[in-house]
Amino acid sequence: MKGNQEDLPIFNLITTQTRPFFQQLLPDSSKLQLEHCELDTEEQQLTLSVLSTQHLAKCPVCGPRSARTHSRYQRTLADLPCVHFKLTLTVQVSKFFCDTPGCIRRIFTERIPDIAAPWARETVRLVQRLEAIGLALGGAAGARLSHQVGTEVCGSTLLNVLAKLPLPEFG
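So, here is what we can say about the structure in this document. For every chain, the first residue of its written sequence is number 1, and the numbers climb from 1 along that sequence. The predicted nature of this model means local features are confined to residues of pLDDT at least 70 and side-chain atom pairs, given and counted, to a pLDDT of 80 or more, with totals for whole chains, interfaces and linings taken over all residues. Heavy atoms from the whole structure form the basis of all side-chain values; hydrogens and water molecules are not counted.

### Description of the packing of helix α2 (residues 124-137) against helix α4 (residues 155-163)
Part 1 of the reasoning: Axis lines are fitted to C-alpha atoms, over the contacting stretch for helices. Their N-to-C directions set the angle, which ranges from 0 to 180 degrees. The numbering of helices and of strands both runs from the N terminus, where a helix is a DSSP run of H or I of at least 4 residues and a strand a run of E of at least 2. Contact geometry for α2 and α4: axes closest at 9 Å, N-to-C directions at 100 degrees. With respect to their mutual orientation, α2 and α4 come out roughly perpendicular. Contacts from Val127, Leu130, Glu131, Ile133, Gly134 and Leu135 of α2 reach α4 at Leu158, Val161 and Leu162.
Part 2 of the reasoning: Classifying every residue of the contact of α2 with α4 gives 7 nonpolar, 1 polar and 1 charged. Here is the rule for angles: anything less than 35 degrees is roughly parallel, anything more than 145 is roughly antiparallel, 65 through 115 is roughly perpendicular, and the remaining ranges are oblique. Throughout, a contact is declared for two residues whenever any of their heavy atoms are within 4.5 Å. Residues were grouped as follows: Ala, Val, Leu, Ile, Met, Phe, Trp, Tyr, Cys and Pro as nonpolar; Asp, Glu, Lys and Arg as charged; and all remaining residues, including Gly, as polar.

Below you can see the structure in the form of structure tokens.
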């Protein structure tokens, strides 16, 4: 940390008037609930702390839904920039017990596929933007453009995003 807490240019922005605005910045406001918001003017960083609102989750191995919560943990996801601030989501997600006898997965983490892929560090909408930039410009030129629009990635990252895309079908 830099100096005293009072010296840091970090502000909590959540009030009853601003909550609806910040809730609309979320990728899927029906599955996420805004808890806290911090603006760091020195680092040009906006951090939204959110909580998953799902009470049931489907086991990724055997399929049945579970409501028995094991614990919670925090995921950090990069998201689309907001104005000229980098937007980061810290998402509290739940781990659930799988009660199906014979299932090899006893504990699993809830999936939020509309927001982020499992193990991803970026939101789906950020990945879609990087795919569009990478498809249009490629590696180095795409990295230069992404820097201009507020998403700093290198050319090899854009190429890695493109490598994950399925190949187009030919007739």
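### Describing the nonpolar core
Within soluble globular proteins, side chains that are nonpolar generally end up buried alongside one another.
Part 1 of the reasoning: In this text, buried Ala, Val, Leu, Ile, Met, Phe, Trp, Tyr and Cys residues form a nonpolar core when linked through side-chain atoms within 4.5 Å. Exposure is judged per residue with a 1.4 Å probe applied to protein chains only, and the accessible area is read against the type maximum: over 50% gives exposed, under 20% gives buried, and values in between give partly exposed. Membership of the largest hydrophobic core comes to 21 residues, with the highest contact counts inside it found for Phe22, Leu26, Leu34, Leu46, Leu48, Val50 and Val91.
Part 2 of the reasoning: Contributing elements (two or more residues each) for this core: β2 (32-40), β3 (45-52), β6 (69-82) and β7 (85-97).
Part 3 of the reasoning: Among the elements that make up this core, the one with the highest residue count is β7 (5 residues).

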